[in-house]
Amino acid sequence: MNIKVLNTIKELRAYTRELQIQGHKTGFVPTMGYLHEGHLSLVDLAARRSDKVLVSIFVNPTQFNDPKDLEAYPVDLERDISLLEERGVSAVFIPTKEMIYGKRHQSAVSVSSLTALWEGADRPGHFEGVTTIVSILFHLVKPACAVFGEKDFQQLRVIEQMVEDLHFDLEIIRGPLVRESDGLAMSSRNVRLSESERQKALEISRGLRRALATYQNGEKEAGKLLGVVRAGLENLVDVKIAYLAIVSEDTLKPVEFVEDEATRMLAAAQVGKIRLIDNIALTS
Ligand code: PAF
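Just so we're clear, the structure is a prediction, and the values are computed from it rather than from any experiment.

Chemist: Explain the overall build of the chain to me, and be specific about the residues and the numbers.
Modeler: Within the chain, the regular secondary structure consists of 10 helices and nine strands. Counting only C-alpha atoms and orienting by the principal axes, one finds that the chain spans roughly 55 × 40 × 35 Å. Counting over 284 residues, the chain shows a buried share of 54%. Summarising the internal contacts of the chain: among those between residues at least 6 apart in sequence, 71% fall at separations of at least 24. Total accessible area computed for the chain in this model is approximately 13,800 Å², and 49% of it derives from carbon and sulfur atoms. Charge separation in the chain, taken as the distance between the mean sites of 35 positive and 40 negative side-chain charges, equals 3 Å.

In structure tokens, the structure reads:
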């Protein structure tokens, strides 16, 4: 096996120290495993921007506000490791939760304003869990750059802000959202959708595309564009819209009209038991 599997913090530290001594530039992709093409596209991006790619796989318990969601999170480490090896990844770090959060653990990192709305409002504690684990991983891995997907757009912005605020010495690279051939945004949760739920879930990406087309045809009023997406979702049985919003990419605050600044449409919906999120850039 060419990929190095690092199961302890001690092994990771020895490995990253060696990379530093040899003058390598490490590109880091943090994941929670059960990898799909979306993750692998982030790995490819990291490989283009560094000369050693390190991936972490850690299902971080502190970012799950719903214990049932954590329990149901799919795991397949063997498959993940072989996918990463095929993709030329140098090392994968797979810690246990006891290693990361010792018995005495009591520190956290939080970002305020950007986490107040959308996922942050619906999932109390979620972003503090994310920013804390990402900070821990950044300290351990010491990467030159790290790649985060635009699929979790709010997460990406929160991490960019954290890196700016806390002066982390690394570059955050944005990885474009990857879709399945039918348009569904790739997610490790998609495997839990039944066929009929999947058909309903597709209405999220269809709605976003329709709204983008409506915008490109001249409609700039956010309320009207949101109505286009809402109309496709609101009458579906077992689909509950969590939020639909058109926001400034910078502040994540809602806008009334889509003007020149970078603007994105965000969507989250519960389809059966599965919570899905998606988004589309209206202007960039
Ligand atoms: O996006 C994810 O998979 C997770 O939130 C992350 C960034 C790996 C932190 O646990």
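Next, the rest of the story.
Chemist: I'd like a description of the nonpolar core, backed by residues and values.
Modeler: What tends to happen in soluble globular proteins is that the nonpolar side chains get buried as a cluster. In this structure, F93, F138 and I172 are the most contacted members of the largest nonpolar core, which totals 43 residues. Those elements that provide at least two residues to this core are α1 (9-21), β4 (91-93), α7 (126-141), β5 (145-149), α8 (153-165), β7 (239-248) and β8 (263-271). For this core, the leading source of residues is α7, giving nine residues. F93 has contacts with L6, T8, I9, L12, L54, V55, S56, I57, I100, L137 and L140, leaving out every residue within four places of it along the chain.

Chemist: Tell me about the packing of aromatic side chains, residues and numbers included.
Modeler: Inspection of the entire model under this criterion finds six aromatic pairs. Here F28 and F138 contribute two aromatic rings whose centre-to-centre distance is 6.3 Å and whose plane-to-plane angle is 75°, an arrangement assigned as edge-to-face. Remark: F138 occurs in helix α7 and F28 occurs in strand β2 (residues 26-31); sequence separation between them is 110 residues. Taking 5.5 Å as the distance between ring centres and 75° as the angle between the ring planes, the aromatic pair formed by F138 and F168 counts as edge-to-face. With F138 in helix α7 and F168 in the loop between α8 and β6 (171-175), this pair connects stretches of sequence that are 30 residues apart. Assessed through its relative accessible area of 15%, F168 is described here as buried.

Chemist: So what's going on with unusual backbone geometry? Which residues, and what values?
Modeler: The phi torsion at W118 lies on the positive side, around 55°, for a residue other than glycine. For W118, the location among the structural elements is in the loop between α5 (97-100) and α6 (119-122). The buried category is assigned to W118, whose relative accessible area is 13%. The phi dihedral of D238 falls on the positive side, at around 70°, and the residue is not glycine.

Chemist: Please set out the side chain of N190 residue by residue, giving values where relevant.
Modeler: Here N190 shows up in the loop between β6 and α9 (195-216). In this structure the side chain of N190 is engaged in a polar contact, spanning 3.4 Å, whose partner is the side chain of E180. Here A185 takes part through its backbone oxygen, which lies 3.0 Å from a polar atom of the side chain of N190.

Chemist: So what's going on with the site of the ligand? Residues and values would help.
Modeler: Around the ligand, the neighbouring residues are P30, T31, M32, N60, Q63, I133, F148 and Q155. In the environment of the ligand, an oxygen atom lies 2.6 Å from a nitrogen or oxygen atom belonging to the side chain of Q63. Note that an oxygen atom of the ligand is positioned 2.7 Å from one of the side-chain N or O atoms of Q155. Here the ligand loses 89% of its free accessible area of 290 Å² to cover by the protein chains. The residue inventory of the shell around the ligand, partitioned by class, reads four nonpolar, four polar and no charged.

Chemist: Now, about the sheet that holds strand β9 (residues 274-283): what can you tell me, with residues and values included?
Modeler: Pairing is antiparallel across the open sheet formed by three strands, whose spatial order is β7-β8-β9. Each edge of the open sheet is held by one strand with a lone partner, namely β7 and β9. The sheet shows a mean angle of 15° between the axes of neighbouring strands, direction not considered. In the sheet, β7 pairs with β8 via nine bridges, with the strands oriented antiparallel. Looking across to β8, one finds that V247 is bridged to R264. Strand contacts of α9: β7, β8 and β9, with the helix running at about 15° to β9, the strand carrying the most contacts.

Parameters at a glance
Residues numbered from 1 in each chain as written. Predicted model: local features only at pLDDT ≥ 70, side-chain atom pairs only at ≥ 80, totals over all residues. Heavy atoms only, no water. Helix = DSSP H or I, 4+ residues; strand = E, 2+ residues; numbered from the N terminus. Buried < 20%, exposed > 50% of the residue type's maximum accessible area, 1.4 Å probe, protein only. Contact = heavy atoms within 4.5 Å. Areas by Shrake-Rupley, 256 points an atom, 1.4 Å probe, with all protein chains shown as cover. Lys, Arg positive; Asp, Glu negative; His and termini not counted. Charge placed at Lys NZ, Arg CZ, Asp CG, Glu CD. Core = buried A, V, L, I, M, F, W, Y, C linked by side-chain atoms within 4.5 Å. Phe/Tyr/Trp six-rings, centres within 6.5 Å; stacked < 30°, edge-to-face > 60°. Polar contact = N/O pair within 3.5 Å; in protein donor to acceptor, adjacent residues only side chain to side chain. Near = heavy atom within 4 Å. Nonpolar A, V, L, I, M, F, W, Y, C, P; charged D, E, K, R; others polar. Pairing = 2+ DSSP bridges. Axes fitted to C-alpha atoms, helices over the stretch in contact; angles between N-to-C directions.

Everything listed is a geometric property; what it means functionally is a separate question.
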